[in-house]
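# A structural walkthrough
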Amino acid sequence: MRLGKAGAGAALMTLALGIPAAPAAAASMPAGIGAALPACPQVFGHGGYPTGATPWQRDQIRQPNNPRALARQKSWGAAGVEADLQLTKDGTKGVMWHNATTNGLTGTRRAVTDVWWATGADRLKGRKIARGPYAGETVYTFREWLDDARAKKLIPLVEVKGEAGQSLLNGDATIRERAWREVIAPVKERIAAQEIMIYTRDAALKPELAHRLDAAGLAATRTRHPLWVDGIGWQEPPPTASGNHERWRSTLDRAPRRVATSWTKDYTGWLKGKCA
């Protein structure tokens, strides 16, 4: 290899001073040395719900549908949370609750779609969670919950539960339109100052939800959703997180921007040293 004058001079000085020659090109270095860590994904926390038979008997009401649960997810390193939107009787109030019934709450067990928010002997307002880590918390409206998530700087990922279809797809236009206002209006009121994502797993609701969001100028709420990464199902008591490690590792290799997990604390701990 021929060196220019400056290069030759530097080489001679290096030899004269006994300074070791610079290492060969990086391509000859051992694999992985000096490689940059991938970017860490934003983590969305989800409260585990048991799989298998009679899950409602084992459910410990872990879903982040109340302020105490949001605070705990935040303390575990979550950037966002996945939570659950139900509608009370005739679509009169959007409320944050996972279960189809009031199972897990104080008072008589009723279908959420059969009770009013603030009237009647079985009203939902004021009922308290009866078991699990958030015992004593109450049920919150969609608007209240969105505002608390914003105050805690958490990004909401809201699942419209299939039971809400009773009013959202109702043949009575008055009920149907009132119910959709309970879903759409709280998002539209806040979207300029707060990122919100919304979806449903219900096949009948999916096309109508997409249509309503797009018509309201909220198409962006249907994008940038996290990738679900857990490899095993939730149980009570919770299974060890190690059963997820293989799936977590293969998913991280894909460099996802956002991920969702029921093992928030374990996952954020597992990420340490694997991304930056």
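The preceding data block contains the structure.
### Some details on the packing of helix 3 (residues 142-151) against helix 5 (residues 173-190)
Viewed as axis vectors pointing N to C, helix 3 and helix 5 meet at an angle of 30 degrees, and their least axial separation amounts to 10 Å. For the element pair helix 3 / helix 5, the angle class is roughly parallel. Every pair of crossing elements has a handedness; the one defined by helix 3 and helix 5 is right-handed. Contact residues: helix 3 offers F142, R143, L146 and D147, while helix 5 offers E182, V183, A185, P186, V187, E189 and R190. For the contact of helix 3 with helix 5, the per-class residue count stands at six nonpolar, no polar and five charged.

### Side note on the packing of helix 5 against helix 6 (residues 206-215)
Between helix 5 and helix 6, the least distance of the axes is 11 Å, while the angle of their chain directions is 70 degrees. Viewed along their axes, helix 5 and helix 6 adopt a mutual orientation that is roughly perpendicular. The crossing of helix 5 and helix 6 is right-handed. The segment helix 5 lies against helix 6, with R176, E177, W180, V183 and I184 engaging E208, L209, R212 and L213. When its residues are assigned to classes, the contact of helix 5 with helix 6 shows five nonpolar, no polar and four charged.

The rules behind each value
- Residues numbered from 1 in each chain as written.
- Predicted model: local features only at pLDDT ≥ 70, side-chain atom pairs only at ≥ 80, totals over all residues.
- Heavy atoms only, no water.
- Axes fitted to C-alpha atoms, helices over the stretch in contact; angles between N-to-C directions.
- Helix = DSSP H or I, 4+ residues; strand = E, 2+ residues; numbered from the N terminus.
- Parallel < 35°, antiparallel > 145°, perpendicular 65-115°, else oblique.
- Left-handed = near helix turned anticlockwise from the far one by under 90°.
- Contact = heavy atoms within 4.5 Å.
- Nonpolar A, V, L, I, M, F, W, Y, C, P; charged D, E, K, R; others polar.

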